[in-house]
Amino acid sequence: MTTTTPILIRGASPYGEGVQDVLLSGGRISAIGPDLEAPTGTEVVDAEGCIVLPGLVDLHTHLREPGDPEAETVETGTRAAARGGYTAVHAMANTTPVADTAGVVEQVARQGDLHGWCAVRPVGAVTVGLAGERLAELDAMSSSRARVRVFSDDGKCVHDPVLMRRALEYVKSFDGVIAQHAQDPRLTEGAQMHEGIVSAELGLTGWPAVAEESIIARDVLLAHHVGSRLHVCHLSTAGSVDIIRWAKQRGIDVTAEVTPHHLLLTHENVRGFDARYKVNPPLRTRQDVEAVRAGLADGTIDIVATDHAPHPRDAKDREWDQAAMGMTGLETALAVVQSTMVDTGALSWRDVARVMSEKPALIGRDPDHGRPLREGSPAHVLVWDPRPVTRVAPAEHASRSRNSPFAGQELPGRNRLTVFGGRVTVRDGVLAEPAPGEGSDRWTA
């Protein structure tokens, strides 16, 4: 193992709760307390006024590899993740070929070991080719070296209720979870944006809220019947929040995520026909935004997940009805959460650690990430300065794609330091230079 330089984070505030020093050495948090001694050779980081959080964990990232390197690769996507403060991402299965076999998920995991700037956890497809006709190799993927625990046909809904039930039954045997893209395909044929006043005025086919809500309602009942874990991807409507709240009150084992863009943007953004705002599920109403914020604040919604969906410029720079759906999000996620939830008083920084690190790792059954800031925990750490305000400039992002919906907006906060396994990946917003090698041993401070 390559040794790491000890790092003393001086004068920061773990979870935003009082000033403490944090010492990282040997790939772990070795001490937390006031006025810690710096061992010989220690790098001292002056972090006065900054927040220390566990490294962020994203349960919903599209890295596009294999198959679409023009949009993103494991290397470029994890560079973006590191800049956003992430130390682990779950790579979605809608690649080419689809990650529906042990061989493909192992290939993704191997690329993460070789080229990842953070840990890469492959997500396995629920059905072969995402076609919704027969189950993929769930057991083989779970028992592979990739040890897949999250399965999703994201981008497509597992619409057949019998197939969904069988998937829930199957993953129960190894404590897996089905992450459902809740979208009734019949109710969304030709849909271009949220169904409402704006879609009517623009003459675009609407995407009704009930198309999401009806699938969630069905699936929580199936999960309850089977006694298995269900995770709802990118929840976006007030009605969906109500259904998840109802299910949790009855003890159903369901979790849910919201994206940063659904915490901030609305269907009003679509009026200019700028395809940066075309996304699945679509941007909803202001009332929906307020409902998902409230749901995240009260714990009904468990986590924030980016749904980072990079696309080449030519896939977005076209007529609205022909443009691809999706937005980048890894590099702006925490800033949006600070703006919408922390600065408004809806969440504390400890809550942020829960919804962006601890709970995503728990849902994904990743024991190495999302650990509390305490002595002995792995040194996956983010130092965040909440004070600066920066105008979002996608051209400066590490992602290979530029389809950020926040381009030109001012957002708060700056990444001072991302530490992955004791090694610095980002310092003051700038990516560190990797040393040749494999896996976590490739990083140098």
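In the block above lies the structure referred to throughout.
Residues numbered from 1 in each chain as written. Predicted model: local features only at pLDDT ≥ 70, side-chain atom pairs only at ≥ 80, totals over all residues. Heavy atoms only, no water.

**Describing the sheet that holds strand S15 (residues 303-304)**
Pairing between the strands of a sheet is mediated by backbone hydrogen bonds and can be parallel or antiparallel. With parallel pairing, five strands are arranged side by side in an open sheet as S9-S10-S13-S14-S15. Strand pairing shows two members of the sheet lacking a second neighbour, strand S9 (150-151) and S15, which therefore form its edges. Where strand S14 (residues 254-258) meets S15, two bridges bridge the pair, whose relative direction is parallel. Paired with Glu-257 across the bridge in S15 is Ile-303. (Pairing = 2+ DSSP bridges. Helix = DSSP H or I, 4+ residues; strand = E, 2+ residues; numbered from the N terminus.)

**Quick notes on the side chain of Lys-278**
For Lys-278, the location among the structural elements is in the loop between helix H8 (260-264) and helix H9 (286-297). Although buried, Lys-278 forms no salt bridge, and the nearest oppositely charged side chain, Asp-321, lies 6.4 Å from it. Polar contacts involving the side chain of Lys-278 include one to the side chain of Gln-192, which spans 3.2 Å. Only 2.7 Å separates the side chain of Lys-278 from the backbone oxygen of Trp-320, close enough to count as a polar contact. (Buried < 20%, exposed > 50% of the residue type's maximum accessible area, 1.4 Å probe, protein only. Lys, Arg positive; Asp, Glu negative; His and termini not counted. Salt bridge = Lys/Arg side-chain N within 4 Å of Asp/Glu carboxyl O. Polar contact = N/O pair within 3.5 Å; in protein donor to acceptor, adjacent residues only side chain to side chain.)

**Considerations on the pairing of strand S18 (residues 423-427)**
Among the five residues of S18, four are classified as buried, and the element is accordingly described as predominantly covered. Pairing of strand S17 (residues 410-420) with S18, which is carried by four bridges, proceeds in the antiparallel orientation. Within the sheet, the bridge partner assigned to Leu-417 lies in S18 and is Arg-427. Taking the residues that link successive antiparallel strands as the turn, the S17-S18 hairpin has two residues, and the phi of Gly-421 there is positive, at about 65 degrees. Both S18 and strand S19 (residues 430-431) contribute to a ladder of two bridges, which runs antiparallel. Bridge assignment links Arg-427 to a residue of S19, and that residue is Val-430. Where S18 folds back on S19, the antiparallel hairpin that results is connected by two residues, among which Asp-428 adopts a positive phi of roughly 50 degrees.

**Observations regarding the packing of aromatic side chains**
With the rule as written, the count across this model stands at one aromatic pair. Sitting over the ring of Tyr-15, Arg-350 keeps its end group 3.8 Å from the ring centre. (Phe/Tyr/Trp six-rings, centres within 6.5 Å; stacked < 30°, edge-to-face > 60°. Lys NZ or Arg CZ within 6 Å of the ring centre and 35° of its normal.)

**Focus on helix H4 (residues 161-172)**
Taking 1.5 Å per residue as the helical rise, H4 with its twelve residues ought to reach 16 Å, and the 17 Å between its terminal C-alpha atoms agrees with that figure. Among all positions in H4, only Leu-163, Met-164, Ala-167, Leu-168 and Val-171 are buried. Viewed end-on, H4 has its buried residues packed into an arc of 140 degrees, placing them on one side of the element. Where H4 begins, one side-chain oxygen reaches toward the backbone nitrogen of Val-162, 2.9 Å away; that side chain belongs to Asp-160. (Expected span 1.5 Å × (residues − 1). Arc of directions from axis to C-beta.)

**Considering unusual backbone geometry**
Here Glu-65 and Pro-66 are connected by a cis peptide whose omega angle stands at 5 degrees. Among the structural elements, Pro-66 can be located in the loop between strand S6 (56-61) and helix H1 (74-83). Cis rather than trans, the peptide bond between Asn-280 and Pro-281 has omega equal to -5 degrees. Position of Pro-281 among the secondary structure elements: in the loop between H8 and H9. Positive phi outside glycine occurs at Asp-175, with the angle close to 60 degrees. Following the sequence through the fold, Asp-175 ends up in the loop between H4 and strand S10 (177-180). Classification of Asp-175 as partly exposed rests on a relative accessible area of 36%.

**Overview of the pattern of salt bridges**
With the rule as written, the count across this model stands at 26 salt bridges. A salt bridge links Asp-242 to Arg-245, with the nearest nitrogen and oxygen atoms 3.4 Å apart. Taken together, the residues Asp-242 and Arg-245, both in helix H7 (residues 238-249) and three residues apart, mark about one turn of the helix. Taking the shortest distance from any N to any O, the salt bridge between Asp-317 and Arg-313 comes out at 3.8 Å. Ionic contacts of the salt-bridge type, sharing partners, join the residues Glu-48, Asp-385 and Arg-387 into one network.

**As for the nonpolar core**
By size, the foremost hydrophobic cluster in this structure holds 112 residues, and its most contacted members are Ile-9 and Met-356. Not counting residues up to four positions away in its chain, the partners in contact with Met-356 are Leu-56, Val-57, Tyr-86, Val-304, Ala-333, Leu-334 and Val-337. Grouped together as the second largest cluster of nonpolar side chains are ten residues, Met-92, Val-150, Cys-233 and Ala-305 included. (Core = buried A, V, L, I, M, F, W, Y, C linked by side-chain atoms within 4.5 Å. Contact = heavy atoms within 4.5 Å.)

**Comments concerning the environment of Pro-161**
Here Pro-161 shows up in helix H4. Residue classification places Pro-161 among the partly exposed residues on the basis of a relative accessible area of 41%. The spatial distance from the C-alpha of Pro-161 to the C-alpha of Asp-219 is 8.1 Å, given a sequence separation of 58 residues. In contact with Pro-161, not counting residues within four places along its chain, are Arg-218 and Leu-222.

**Some details on the packing of helix H6 (residues 209-226) against H7**
Across the interface, H6 lies against H7 with an axial gap of 9 Å and an inter-helix angle of 10 degrees. Here H7 runs roughly parallel to H6, going by the angle between their axes. Residues Glu-212, Glu-213, Ile-216, Ala-217, Val-220 and Leu-221 of H6 form the contact with H7, whose own contacting residues are Gly-239, Ser-240, Ile-243, Ile-244, Trp-246 and Ala-247. Looking at the contact of H6 with H7 residue by residue, the classes come out as eight nonpolar, two polar and two charged. (Axes fitted to C-alpha atoms, helices over the stretch in contact; angles between N-to-C directions. Parallel < 35°, antiparallel > 145°, perpendicular 65-115°, else oblique. Nonpolar A, V, L, I, M, F, W, Y, C, P; charged D, E, K, R; others polar.)

**Considering the side chain of Thr-42**
Turning to its location among the elements, Thr-42 is positioned in the loop between strand S3 (28-33) and strand S4 (43-46). For Thr-42, a relative accessible area of 15% corresponds to the buried category. A polar contact is formed between the side chain of Thr-42 and the backbone oxygen of Pro-39, at a distance of 2.6 Å. Contact partners of Thr-42, with chain neighbours within four places excluded, come to Pro-6, Ile-7, Leu-8 and Leu-23.

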